[in-house]
Amino acid sequence: MAEIRLPKVEQGQTKIRNVPIAVTPEGFWCCPSPVVFQKTIKTQNPLNKSKPSTQSTLVPKKQTSVTERKPGTSSSKSTLVTDEQRTHSSDAPVLNNGSLMNEKTPKIKAESVPRKVTIEFGEPGSSDLKVILFGKQGISVKLSVHRSVLVENSKLFASKIMEQELIFPCLEIDDCEDVEIYVDTIGLMYCKELKQRLIKQSVSRVLRILKVAEKLGFTTCIHSCLEYLEAVPWVGEEEEEKVVSSILHLEGENIGVKPVLKRVSSETSSKPHKDTLSHILELVLKSHEEKGRREMKPIVLKLLRENNTLPSSSASSDLCNETIYSSCKSSLDSLLSHFRQATESDFADKPLDTREPVLKLIALEADNLLWLLDILADRQSADKFAVIWASQNELASLHMKLPVVSRHHVSTITSRLFVGIGRGELLPCKDTRHLLLKTWLQPLINDYSWLQHGCRSFDRKVVEEGIGRTILTLPLEDQQSILLSWLGNFLKAGDNCPNLQRAFEVWWRRTFVRPYVEQGICNINSALLD
């Protein structure tokens, strides 16, 4: 934090040149533009040639220093003497507050040249206190201010002025991180409508003003900054994080931070969050508009993934999984109901406008379940889904009664489960894996030809690898039973059946080439005999 101290008068102390600036009719100062401050920081001359001081001088309209005014000489307009203009000649006269002065400067390094700016607030000549700001890179700013204004608006200035009887009407602030914003903030003490002054500023600049206002104890400015931040849009996540991190520590100080934080946080309990998630899922699951569904499903999946990575998300994760499984049950019940309806004996005789909505709903609910399974697998919470799907004996029996064009959507769910188990995304128990293969592998084989040619997202190699790996996780006897059954189908259907040759080869080697258990027993027996 910047430190305020009283100056000590030492012999030979450098005098800071007065550079008064224009003042509005309201008494508000016209701060030098950021260019003025930036120019004072630039390197003067890399060759260190002999040059005059590179001090920037701002002369206002019709305003000159009374003590330095020369008879017969007046300034008719504001003149900004730049660094470049001063480098033409070391003995060139320089216009300063309406006076002509000849200056000669010895050779010194550019970085050692003091950079000084003087600013006057309120009516010219009416100030009763000097504040000197010392910033980085040697820049210093001398402010001519009024005690009454500083005492009224700044708790820090008020305490320093009241605590000490100032022999010299001057205060110094050392180590100012942001001199330009200190000048801005002190200038705002002279404004009646702070909000109007902030309205054209950027969010980043207002945050800088807020930081200085906190250090100075400028409560009115803090409130105005918070009102600005509550109303202005924040552009991008980076700016949002800056705003929140800048004001979060003020939350317990009762200065109006909550209205700003309400944009990013809610005071409601976890139950409304659960209800909101349930409502979002329901909107997506019940939608019949294909484009909207296609675009929103990956967005919801992405947002749930980001939420799941938070370190404090364990409790909310459980609520989220509960909500997703509730949606799974609803979609599964709906799917089974439509299958029953579509497999009734007189369903084929009904008109097309009666049959078509039912078949579309079967495809819709199957797609919903596939999406929910993707979410659960991404959250590493799909084991329960595998148990539920493996136990759907009625649905599997009804599956063969429908034409493949209407039923193949269901087999995409089975394929996704096998892929997930093969990749280790879900780890159901042995009985569940065996039941899943027993219940759903044959229906998948029956639909395999249609899946290859009728589903764009179907990846044959990935699915076959997942099925094979799932089979190979079972005991050897179960592997043999399932693979021999598959072999019969493969020899009949060829490419219209999953190619599980790699899994078959592994099973064969395990059984006949390298029987690990028997080999281990033989090794033990031979060791005992030796």
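For every chain, the first residue of the written sequence is number 1, and numbering continues from 1 onward in sequence order. This being a predicted model, a pLDDT of at least 70 is required before a residue's local features are given, and a value of 80 or more before pairs of side-chain atoms are given or counted; all residues contribute to the totals for chains, interfaces and linings. No hydrogens and no water enter the side-chain calculation; it runs on all heavy atoms of the structure.

1. A short note on the layout of surface pockets
Once rolled over the atoms, a probe with the size of a water molecule shows which space is left empty. Cavity and pocket criteria rest on a 1 Å grid covering protein atoms alone: a 1.4 Å probe that fits but cannot get out defines a cavity, protein on both sides within 12 Å along at least 5 of 7 lines defines an open pocket, and an atom within 4 Å of a point defines a lining residue. Grid points are joined across faces, edges and corners, and a volume is the space filled by probe spheres set on the points. Quantified by volume, the largest pocket comes out at close to 1,200 Å³. Along the wall of the largest pocket there are 31 residues; nearest its centre are Lys297, Asp367, Leu370, Thr412 and Ser457. Counting from the N terminus, the helices are the DSSP runs of H or I reaching at least four residues and the strands are the DSSP runs of E reaching at least two. Listing elements by their share of the lining of the largest pocket, those giving two or more residues are helix 12 (290-308), helix 14 (352-378), helix 17 (404-423) and helix 20 (460-472). Ranked by residues supplied to the lining of the largest pocket, first place goes to helix 14 with nine residues. Charged residues are taken to be Asp, Glu, Lys and Arg, nonpolar residues to be Ala, Val, Leu, Ile, Met, Phe, Trp, Tyr, Cys and Pro, and polar residues to be all remaining types, Gly included. Among the residues forming the lining of the largest pocket, the class breakdown is 13 nonpolar, seven polar and eleven charged.

2. Some details on helix 7 (residues 203-216)
Helix span, as expected, comes to 1.5 Å for every residue beyond the first. End to end, helix 7 covers 20 Å across 14 residues, agreeing with the expected 20 Å (1.5 Å per residue, within 8%). Considered for burial, the residues of helix 7 that qualify are Val203, Arg205, Val206, Leu207, Ile209, Leu210, Val212, Ala213, Lys215 and Leu216. We call two residues contacting when some pair of their heavy atoms lies within 4.5 Å. Contact partners of the buried residues in helix 7: helix 4 (155-163), helix 5 (179-188), helix 6 (194-198), helix 8 (219-231) and helix 9 (236-247). Following helix 7 by one or two positions, Gly217 has its phi on the positive side, about 70°. We call a residue buried when its accessible area falls under 20% of the maximum for its residue type, exposed when it is over 50%, and partly exposed in between, using a 1.4 Å probe and counting protein chains only.

3. Remarks on a nonpolar patch on the surface
Candidates for patches are residues over 30% relative accessible area with no salt bridge; among them, like charges are joined within 9 Å and nonpolar side chains (Val, Leu, Ile, Met, Phe, Trp, Tyr) within 5 Å. Here the open area of atoms and residues is found with the Shrake-Rupley method and a 1.4 Å probe, where only the protein chains shown may cover a residue. Any Lys or Arg side-chain nitrogen found within 4 Å of a carboxyl oxygen on Asp or Glu counts as a salt bridge. On the surface, a nonpolar cluster with roughly 270 Å² of combined accessible area is contributed by Met296, Ile299 and Leu303. Tracing the backbone through its elements, the reader meets Leu303 in helix 12.

4. So, the pattern of salt bridges
Pairing is possible between side chains of opposite charge, provided their charged atoms come close. Taken as a whole and assessed by the stated rule, the structure comprises 21 salt bridges. Between Glu290 and Arg294 there is a salt bridge, with the nearest N and O atoms lying 4.0 Å from each other. With Glu290 and Arg294 both in helix 12, this residue pair falls four residues apart, about one helical turn. Taking relative accessible area as the criterion, Glu290 reaches 48% and is therefore assigned partly exposed. Across the salt bridge formed by Glu465 and Arg469, the nearest N and O atoms sit 3.0 Å from each other. One end of the pair, Glu465, and the other, Arg469, are both in helix 20, four residues apart, so they sit about a helical turn from each other. Taking relative accessible area as the criterion, Glu465 reaches 37% and is therefore assigned partly exposed. By relative accessible area, Arg469 is classed as partly exposed at 42%.

5. Things to note about the nonpolar core
Working definition of a nonpolar core: buried Ala, Val, Leu, Ile, Met, Phe, Trp, Tyr and Cys residues. They are joined through side-chain atoms within 4.5 Å. By size, the foremost hydrophobic cluster in this structure holds 67 residues, and its most contacted members are Phe385 and Trp389. The residues contacting Phe385, other than those within four sequence positions of it, are Tyr325, Cys328, Leu369, Leu373, Leu376, Ile413 and Leu417. Listed in part, the 54 residues of the second largest apolar core include Tyr182, Ile186, Tyr190 and Val260.

6. Considerations on unusual backbone geometry
Backbone geometry at Asp175 places phi at a positive 55°, although glycine is not the residue there. The backbone of Gln380 shows a phi angle near 60°, a positive value even though the residue is not glycine. Within the secondary structure, Gln380 is located in the loop between helix 14 and helix 15 (383-390).

7. Some thoughts on the packing of aromatic side chains
Two aromatic rings from Phe, Tyr or Trp, using only the six-membered ring of Trp, form a pair when their centres are within 6.5 Å; if the ring planes differ by under 30 degrees the pair is stacked, by over 60 it is edge-to-face, and anything between is tilted. A full pass over the atoms with the stated rule returns nine aromatic pairs. Between the aromatic rings of Phe385 and Trp389, the centroid separation amounts to 6.4 Å while the plane-to-plane angle is 15°, which identifies the pairing as stacked. In this pair, Phe385 and Trp389 are both assigned in helix 15, four residues apart and thus about one turn of the helix distant. Like Phe385, the residue Trp389 is buried in the burial classification. Here Trp486 and Phe490 contribute two aromatic rings whose centre-to-centre distance is 5.1 Å and whose plane-to-plane angle is 25°, an arrangement assigned as stacked. Highlighted residues: Trp486 and Phe490, both in helix 21 (residues 476-493), separated by four residues, approximately one helical turn. Connected via pairs of aromatic rings, a cluster forms that spans Trp486, Phe490, Phe504, Trp507, Trp508 and Phe512. Here Arg263 stacks its cationic end above the ring of Trp234, 3.9 Å away from the centre of that ring. By definition here, charges over rings are those cases where NZ of Lys or CZ of Arg is within 6 Å of the ring centre and within 35 degrees of the ring normal.

8. Focus: the environment of Leu417
Counting through the fold element by element, Leu417 comes out in helix 17. Taking relative accessible area as the criterion, Leu417 reaches 0% and is therefore assigned buried. Spatially, the C-alpha atom of Leu417 lies 8.8 Å from that of Ala382, the residues being 35 residues apart in sequence.

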